Each structure stands twice: as structure tokens, then as C-alpha cells.
Amino acid sequence: MDEHEVKALIREAGVPVPRGVVVAGDDFSAAGELAEPLALKAFGPGLTHKTESGAVVLGLRHAGLAPAAHRLRERLRPAGFLIEEQVPAGVELIVGLVRDPAFGPVLLAGLGGVWTEALRDTAVRLCPISEEDARRMPASLRGSAVLRGWRGAPPVDEDAVVKLLMAVGGPGGLWERLDLGEFELNPVIAGPSGVVAVDARYLPAAPTPPIPAAPATDFLPLFEPRAVAVVGASTSRPNFGNMFLGFYRETGVPLVAVHPTAEEVAGVPAVPSLDRADVDYALVAVPAERCAEVVRQAAGVPFVQVMSGGFGEAGRPELEAELVAAARAAGVRLLGPNCMGVYCPRGGQTFVGGGTGPAGSVALISQSGGLAGEVIKVGERRGLAFSRVVTAGNAADVTPAELLRWLAADPETRAAGLYLEDPRNGRELYEALRDADLPVVLLVGGRTGQGRQAAASHTGGLVSDERIWAAVAEQAGVTLVTSQDDLIGVLAFFQAHGGRAVRGDRTLVVGPSGGASVLAADAFDRAGVRLDPLPADRLAALRGLGVVTTGNPLEVPVGPMGRAGLVAEVIDALAGPYRDVVAHVNVTAFFTYGDAAEPLYAYAHALAGAQAAHPHTRITLVTRNAECAPPGVTDEVGRIAAAAGIPVYRTMEAAAVAVAAGGRHGAA
């Protein structure tokens, strides 16, 4: 659409635009009522980027229109001209829409004009946005100071900016009426008296077909099956199928093998085909080309997991489509393909060796089986206890979104983590994250790539995977982390403190060493956690304990020669205003001057007592330099803390990420 057509469209939606007229020939008299100075813009095929094409002339008087148009015609051969009243200078903004392939319509706002490319200072939200989103987007820009008034310039009309963003991306906004494509207002001139969109671009696209809703599914038999079948185990050459038979024999779940000729495989009774197996769950570990044939035989089996790879992820989408069609024909739900399966101590489900750990309240959805196995093993080593773990692989049928919706209503699950690479139906996932009434932490692989390229607008090029996922987390009220270690750490915090009713919104960091305290302040600041000054009315109580420093982080002597209960007494004096107290200790100090494990244990017991005495405060322990302790010491400290519901971290950075996640969930 040409610019004047787009402006007619947005004017109807309540977006202010300059007064203007369209001229196709050489008669410019229609522009006579426009106030000078004037802007002359050529339009037509190939003139999408007018500034780069030299298709705009500014600062014209009426007498200069015809000569300027003649020069543009000779060079560009346009279809016509849009003549507008030139808007006074102000702060230039960009406001754009683009249809993300996974998440649908997305709104972008930032500093506009040439600064869009130079600074890439933008904020992104999924549509529809709320009024709170519309106020937070401009405030989150690095250059937001120019909107509030900079070096004597007046501040822009914030309410007018909010109204513009809502008209484009809010409920009932332009995003609902356009066939995106790409849509962009760049620049929008913002000033103390309002906003005006001086340039507009819209490239329609064919409407995308809606994704059919998944059938309502009770996933309990997936996690707690009556019996399990394994397809693909061998009587002659041990393979993945045999490995899983071994895993399941360890857990004791009722088990059957599927083999065309054998009566038993590795001591497990066998049936010749899957339609002869009376099970809730079948694991298929045969070559990709045979998987659809096996799945067609699964009628009556609620869930079939295809472990095999070699489908869409290997450039063979037709094979994956055939597999899904086979599952539909058999009336079964398909997990995978290209996934490891399910882990659930309550149900005897596992895809890792060594038996199952204790049943707990933490769930995990992962598109990577290998990473899920690592999170299980490392997480259990650090004290996590899982309710349900499921690997989705290619998620050709069962999606992370529907699994999350079920887990959010599962009475055994109180916190969830997700590792994703391709969300499949991203809009469904976003809505599931937004609606989940439990704390969620999200780790996304591949989100720092080159993003999406767009030939026609800045908006398309700026809306990258990284920005989209940050917007999803922000709007859904979930925590987005960048490492497996932080995924485990945040889940540990949720497990320890997720059910605790807390008060206030302050965080206190307390422990030894001036340098460590300074670095702790930096770590919490990077994580977005504010460390407020100590309450003035509590300082006298601190001095009574012999604590002379009054900052936050608060320096308190902790070590083999110190009083083990001092930090607990400090917490008694200060805990009231604080939602979170992070106590840190330098483990090295306890062993530099002899074997001092007992004072360290006493310190942990004192913290445990403080947590019991202050149930509305979340206490977190950081054991810095824990590798300097003799074997088994920090394990015992962890057991003492875990029994009291205190999560333990080895670095301030990990604790800061976890505390920030806890605060984010509380705010949501």
C-alpha cells in the first residue's frame, strides 16, 4: 500500500497524521490550503524506503513544489506525490508490527529515524499489550531520558505515546485488522503537545491458517502408566530398546517387549505387535522409516513415544508428517519424535539409569533429552526432587504448551522449568505461561542468532528471537535464564520457597568480607534486585549485637572463631521488612586455620533456626569457595539447609538470579 493509503487507515484508528493531499499530475493547487513549510514525498513501485531513495524533499514553500516534483520525476518516475505540512522537530520514535512465525503479532517501539539503525534501542511486546505494557515500553529504552526532557528540552506527552501504542498494539488495535506482513510508523514525532506519525508503511501478507487445537488430554497415564511396552529391543544385539528394558526393570513398572518372533527379550515377556500390548505407554526405538508402521498398530494405547531421530530435525519433514498421520489414525497421542521420554518417580517412568530419585514437586519440560537427563542427575545431586519430567523432542503432536497447562493443574507439581528450542505453537505457549498459576523458569536455546531478516522494514529486522523471548517472559511473568546451572538454581529456589507466604519486597545480603559484599551488590544489581538501605529504626538493635557497619550488603563476621548464631540474631533484628535474606559465608575461612567443619555446621543450624522463626522471610545460603572444604562437608551443610527449606548456592551470581526469579513470580 502507498503511504497515503496507509495513513488513511491509521487515521481512522485514531493515530494522528499530518494534513496532506495526493497529487498525480502537475497541478499542485490542491496543496494551497496546507501551511508551510511542506514535505514532498514521491510514491510508487520500488519506493518503499523513501529516505534511502532520495524520494523526500523537506522545507518547501508552495512555489517550490512543482520544480522539486519535476526533479523527482526525472530521477524516480513515481506514480504520484504526497504533499504534507511538515511537522515541527521533536523526539523521533518508531512503532511497528510484525507477525512472528511462532508467536504471531508483535509490537515494537523505540527511538526512530536513523537512530533505529544506529542504536537498535527498542522494546518488544506480544499483542495485545496492556496499558502497563504501553507505559513500560518507552521507559525501558536506554535513551528514555530524551522522552522525559533532555538538556532543557520539554518532555514528550507520555499519555499521547501510550495512546498511540494502544491504538496499534492494544485490544481492538490495528494489529487485529491488518494482514501482517509488516507495518511500521517511522518516524513518529513526539513532543509536549502530542504525537504525529509522519511516515507509514504497510506490507500485507496472506492470512495464516489457524493451528487446530489439540484434543483435551489427561496426561496422568503418560507419567504414571499401568504398564509400558518397549518396541525395538533385540534378542541378539543390545540396543537402545534393551537399555530401556533395563531401566524399567529397575523401577519395577509392569513391562512388555514387542518383538515379531521372540516370546521374551532380556527376560521380559514379549508380544508380536503393539496392538497385542495392554499398556498405557509405548516406547518406540526402531529406525525412522519403520516408526509410522509401528504407531499405526498402537490403537488403544493412550501415549506412544518415538525415541528415534531422523525426521524433521534431519530435513525429512515428510516422514514426520507421516508419523503424525499414523498417530491420528490410531487415535493415540504422540510424544516426540526424537526424544528420550518421561521421568516420574511416582510412576516408575524413567529414561536415565540408576533408578529414580525421590518424588517431589518440581516439573521439567525439555525439547532436549540429553539436557533433561543432566538436569535430573545434577538437580537431584543438589537436592531437587521431581514430580514430572517430559522430553518433547520435535513436538510434532504433544506440545510444550499443552503439557504446561496440564502440569499447572497437577496437584503434585508446584514449580516448572522449560528448556525450548522451537516452541511450535508459540502463541499457545505464551498463553499457557501467562495463565500458569505456579512459578516457571524458562531456558531457550538458539535465541541469540541473527534473528529474522526483513527486506521492507526496520521492524522485521529488529524483532529477533532474543527480544521475542524476553517479551514473552516479561509479559507472562516468568523467569528467563541463560544457562542450565541457573535453570537448576531457580528451580531449587522455587522448591524451597515456592509455597512460603512472604511479606515485603526488600532483599538483605549479609555475610563477611568487604570485597565479597561489594561484588555481591554488583551481582544483585545485574540481576535486577534492589538492595535497599537498612531501616533506621533497626540500627540500634544491630549496634547492640556488636555490628558496626550499617550498609546493605551488611558485613557480619562469620568464621571458625565467630559466634555461629550472630547472623541469626541479625536476621531476628532485621527480618521484618525483608522478603529475602541472602546469607553468605566464605567456606575457605573455616579450613584455613584448621579443620573447622563443626563451626560451619553450627552456622547452618543457626540459619535453619532463623528460617523456622521467620516463616514469612525467605532465607538463602551462599557457600562461597565451597570446593575448599574437605569431601562431604558442604553436602552436610546442604542437608541441614534443605531440611529447613533453605536453598544453597555456590556463587552470589547464581543466588542473585534465583532471588530475582522469586521476586518476579511474587510480583506476577
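That block above? That's the structure.
Because the structure is a prediction, the values reported are computed rather than measured.

Turning to the sheet that holds strand E21 (residues 415-420), a few remarks are in order. Strands sit in the order E18-E20-E19-E21-E22-E23 across an open sheet of six strands; the sheet is mixed. Either end of the sheet is taken by a strand with one partner, and the two such strands are strand E18 (342-343) and strand E23 (479-481). As defined by bridge partners, strand E19 (residues 359-366) adjoins strand E20 (residues 386-391) across six bridges and the pair is classed as parallel. Bridge pairing in E20 places isoleucine 365 opposite valine 390. Contacts between helix H12 (residues 369-381) and the sheet are confined to E18, E19, E20, E21 and strand E22 (440-444), with E20 contributing the most and set at about 160° to the helix.

Attention now goes to the pairing of strand E6 (residues 104-111). Taking burial as the measure, the eight residues of E6 include eight buried ones, the bulk of the element. As paired strands, strand E5 (residues 91-100) and E6 are joined by eight bridges and run antiparallel to one another. Residue pairing in the sheet places glycine 96 in a bridge with leucine 108 of E6. The turn linking E5 back onto E6 is made up of three residues. In this structure, E6 lies alongside strand E7 (residues 122-126), joined through five bridges in antiparallel fashion. Considered in E7, the bridge of leucine 107 is made with arginine 125.

Bringing empty space enclosed by the protein into the picture now. Scanning all chains against the criterion turns up one cavity of 30 Å³ or more. The calculated volume of the largest cavity comes to roughly 60 Å³. In this structure, the largest cavity is lined by Leu93, Val95, Ala109, Gly110, Pro138, Leu141, Leu147, Val161 and Leu165. Of all the elements in the fold, those that place two or more residues in the lining of the largest cavity are E5, E6 and helix H6 (158-169). Its residues assigned to classes, the lining of the largest cavity comprises eight nonpolar, one polar and no charged.

Bringing the sheet that holds strand E25 (residues 554-555) into the picture now. Across the sheet, five strands lie side by side as E25-E24-E26-E27-E28; this open sheet has parallel pairing. Looking at strand neighbours, the two that pair on one side only are E25 and strand E28 (648-649), the edges of this open sheet. The sheet contact formed by strand E26 (residues 578-586) and strand E27 (residues 618-624) spans seven bridges and is parallel. When the sheet's bridge partners are listed, aspartate 580 is paired in E27 with arginine 618. Of the strands in this sheet, E26, E27 and E28 are in contact with helix H17 (residues 484-497), which crosses E27 at around 140°.

What counts, and where the lines are drawn
- Residues numbered from 1 in each chain as written.
- Predicted model: local features only at pLDDT ≥ 70, side-chain atom pairs only at ≥ 80, totals over all residues.
- Heavy atoms only, no water.
- Pairing = 2+ DSSP bridges.
- Helix = DSSP H or I, 4+ residues; strand = E, 2+ residues; numbered from the N terminus.
- Contact = heavy atoms within 4.5 Å.
- Axes fitted to C-alpha atoms, helices over the stretch in contact; angles between N-to-C directions.
- Buried < 20%, exposed > 50% of the residue type's maximum accessible area, 1.4 Å probe, protein only.
- 1 Å grid on protein atoms, 1.4 Å probe; cavity = no way out; pocket = protein on both sides within 12 Å on 5 of 7 lines; lining within 4 Å.
- Points joined across faces, edges and corners; volume = space filled by probe spheres on them.
- Nonpolar A, V, L, I, M, F, W, Y, C, P; charged D, E, K, R; others polar.

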